[in-house]
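# Observations on the model geometry
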Amino acid sequence: MSNGDAKGPADLLRRTARSTPDKTALVDAGARLTFAELDQRVSSAALALLGSGLSAGDRVALQLGTGPDLVVLYLGALRAGLVAVPVNPSYTVPEVAHLLADCSAGLHLDPRSARTLLARAPSGADPQCDRGGDELAVLLYTSGTSGRSKGAMLSARALLANLDQIAA
């Protein structure tokens with residue numbers, strides 16, 4: 001999977017789905033999604049996130065375990081022009097409250113609310129509002145040696161550069 005001139009990770013998925021639609025993209029507990037299926041789910045998630053009242057640059061906190069919902073909503077947030085904020089599922093209530101306030105999350109999704117959002121996700125055209133270039137794409141919260149967790153800002157370009165490094 002080459003990054004080529006992809007705008008960001010969600011655009012990279014879009015391009016890969018066009019070039020190899022039937023290739024397996026995701027495997028979870030025996031269930032498989034092709035790149036075309038994943039791409040469609042990401043577009044539906046992006047439309048659902050935009051339908052929830054979020055606007056470009058808003059933060060969406062994803063407090064989900066590893067699995068398809070996290071992948072779909074993470075890439076869906078980027079495709080919707082939002083900033084994805086992965087949240088450790090084992091964080092305590094005070095830790096989550098600090099993170100949500102610190103990043104000014106417009107939406108906080110946990111497993112139950114994520115399933116509800118995805119279940120009502122509309123089908124429709126790809127919104128093509130991807131985060132790209134030097135635009136903030138992801139806020140990753142890390143704990144330092146002391147004190148509360150702090151957000152590390154990653155641009156869409158940085159995410160693509162990381163994929164290039166992994167591929168090399």
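Presented here is an overview of the structure given in this document. (Residues numbered from 1 in each chain as written. Predicted model: local features only at pLDDT ≥ 70, side-chain atom pairs only at ≥ 80, totals over all residues. Heavy atoms only, no water.)

In this section: helix H2 (residues 35-51). With 17 residues, H2 should cover 24 Å at 1.5 Å per step; its first-to-last C-alpha distance of 24 Å lies within 8% of that length. If you check which residues of H2 are buried, you get Phe35, Leu38, Asp39, Val42, Ser43, Ser44, Ala45, Ala46, Ala48 and Leu49. A positive phi of about 100° marks Gly53, the residue just after H2. (Helix = DSSP H or I, 4+ residues; strand = E, 2+ residues; numbered from the N terminus. Expected span 1.5 Å × (residues − 1). Buried < 20%, exposed > 50% of the residue type's maximum accessible area, 1.4 Å probe, protein only.)

Tracing the backbone through its elements, the reader meets Ser149 in the loop between strand S6 (136-142) and strand S7 (150-155). Residue Ser149 is classed as buried on the basis of its relative accessible area, which comes to 13%. Every residue in contact with Ser149, bar those within four places of it in the chain, is listed here: Tyr91, His98, Tyr141, Thr142 and Ser143. (Contact = heavy atoms within 4.5 Å.)

One broad rule of soluble globular proteins: the nonpolar side chains tend to lie buried together. Counting residues in hydrophobic clusters, the biggest one holds 31 residues, and the most contacted among them are Leu49, Val60, Leu62, Leu73, Leu78, Leu82 and Leu109. If you list the elements that add at least two residues to this core, you get helix H1 (9-19), H2, strand S3 (59-62), helix H3 (68-79), helix H5 (111-119), S6 and helix H6 (156-167). Here this core takes 7 residues from H2, the largest share from any one element. Excluding anything up to four places from it in sequence, Leu62 contacts Leu70, Leu73, Tyr74, Ala84, Val85, Pro86, Val87 and Leu109. Of all hydrophobic cores here, the second largest spans 11 residues; its members include Val96, Leu136, Leu139 and Tyr141. (Core = buried A, V, L, I, M, F, W, Y, C linked by side-chain atoms within 4.5 Å.)

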